[in-house]
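# Breakdown of the fold
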Amino acid sequence: TAARICILMKNSLLLFFFFLQVTLSIAQISPPGIDGSKLVSWGAIAFNQKLSKKWSITVYVGGARQSNPNNAKLFGKPAIAVLNQESLYSFTAHWQLAFCTSFRVQDIYSKDEPYELSHPGRRNELRYYLRMYYKHAYKRFSFAYNFRPEIRTFYTSSWEPWHTPLQLRFRLKGQVTYSLNESKSNQLIVANEILTVTDRLESGASHAWSPYHFTEDRFSNFFRHTFSKPSVIMDLGVMHQFWKGK
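Within each chain, residues carry numbers counting from 1 in the order of the written sequence. Only residues with pLDDT of at least 70 are given local features in this predicted model, and only at 80 or more are side-chain atom pairs given and counted; all residues enter the totals for whole chains, interfaces and linings. For the side-chain quantities, the full set of heavy atoms in the structure was used; hydrogens and water were omitted.

## As for the overall build of the chain
Regarding its fold elements, the chain presents 1 helix and 12 strands. Helix numbers and strand numbers start at the N terminus; a helix is a DSSP run of H or I with at least 4 residues, a strand a run of E with at least 2. The N-to-C order of helical and strand elements in the chain reads α-β-β-β-β-β-β-β-β-β-β-β-β. Residue burial is assigned from relative accessible area. The probe radius is 1.4 Å, only protein chains are included, and a residue is buried under 20% of its type maximum, exposed over 50%, and partly exposed in between. Residues counted as buried form 44% of the 246 residues belonging to the chain. Only heavy atoms enter the contact rule, under which two residues are in contact if any of them lie within 4.5 Å. Within the chain, residue pairs in contact and separated by at least 24 positions form 52% of the contacts whose partners lie at least 6 positions apart. Only the protein chains shown count as cover for residues, and the accessible areas themselves come from Shrake-Rupley with a 1.4 Å probe. Split by element, the accessible area of the chain, about 13400 Å² in all, is 65% carbon and sulfur.

## Structural notes on the confidence of the model for the chain
Per-residue confidence for the chain gives a mean pLDDT of 88, with 87% of residues at or over 70. pLDDT measures how confident the predictor is about each residue, on a scale from 0 to 100. Ignoring residues within four places in sequence, the model shows residues 2-26, a span with pLDDT below 50, making 71 contacts including any to other chains.

## Brief notes about the environment of Asn186
With respect to the element layout, Asn186 can be found in strand β9 (residues 186-203). Spatially, the C-alpha atoms of Asn186 and Phe223 are 7.4 Å apart, while their sequence positions differ by 37 residues. Ignoring any residue separated from it by four or fewer positions in sequence, one finds Asn186 in contact with Tyr178, Ser179, Leu180, Asn181, Phe223, Arg224 and His225.

## Structural notes on the packing of aromatic side chains
Each pair of aromatic rings taken from Phe, Tyr and Trp, with Trp reduced to its six-membered ring, is defined by centres within 6.5 Å and is described as stacked if the planes are under 30 degrees apart, edge-to-face if over 60, and tilted in the remaining cases. One pass over the full model with this rule turns up 10 aromatic pairs. Between Phe141 and Tyr178 the ring centres are 4.9 Å apart and the planes differ by 45°, which places this aromatic pair in the tilted class. Separated by 37 residues along the polypeptide, Phe141 in strand β7 (residues 141-156) and Tyr178 in strand β8 (residues 161-179) bring together distant segments of the chain. Given the relative accessible area of 31%, Tyr178 is considered partly exposed. Aromatic rings pair up to connect Trp55, Tyr89, Phe91 and Phe99 into one cluster. For a ring to carry a charge above it, either NZ of a lysine or CZ of an arginine must fall within 6 Å of the ring centroid while also lying within 35 degrees of the normal to the ring plane. We note Lys77 situated over the ring of Tyr109; from NZ or CZ to the ring centre the distance is 3.8 Å.

The structure is reproduced here in structure tokens:
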């Protein structure tokens with residue numbers, strides 16, 4: 001069942017990786033945004049398979065733990081567990097389009113001390129999204145831009161609709177990579193992403209949409225090392241999440 005899958009994911013060793021990402025693909029696994037905490041630890045592992053000259057698929061699992069807003073305990077309490085798949089089609093060397101689905105289980109905590117689980121305290125999410133890429137390179141620099149429209153559906157742990165059961169979110173991200181050596185086995189990467197949303201609000205039998213608005217900015221920087229044998233890419237870094245009005 002979905003509940004058993006979530007328990008297995010949350011008890012896995014992935015939760016003990018500190019900002020560690022190991023993947024066979026060339027794409028960075030973006031950390032999830034977590035509200036109501038000061039620091040969050042996130043780890044993920046992914047597997048990539050090339051299906052043809054144009055198509056490839058990436059599957060990853062990840063998990064996070066978080067602190068309270070008033071402390072810095074990175075592994076203080078559960079935050080989120082993620083199971084994700086992306087099917088990528090390459091039109092040209094510069095243009096790519098990914099078709100993606102994601103299942104996520106997130107613990108929701110009270111905004112007031114002692115910051116215990118809310119009621120309901122666990123939220124299931126099914127997410128469907130596209131990711132359009134444009135990439136180009138100049139000497140040791142490579143640049144990537146992507147636009148990501150998302151449909152996010154939310155449920156309680158018993159799969160009843162959440163009080164905001166549907167969200168439309170749009171993400172715009174720019175990323176620059178600098179190769180530290182000729183072989184490109186060591187790289188520094190800086191990225192920035194802007195997120196905007198509109199939510200469907202439940203009020204009895206009526207439904208309404210919130211105004212379309214900016215929610216946050218995510219600025220990340222990390223170091224990447226590529227191993228030739230086995231074919232593995234490892235990312236280690238940090239993401240700064242700037243919320244609107246905070």
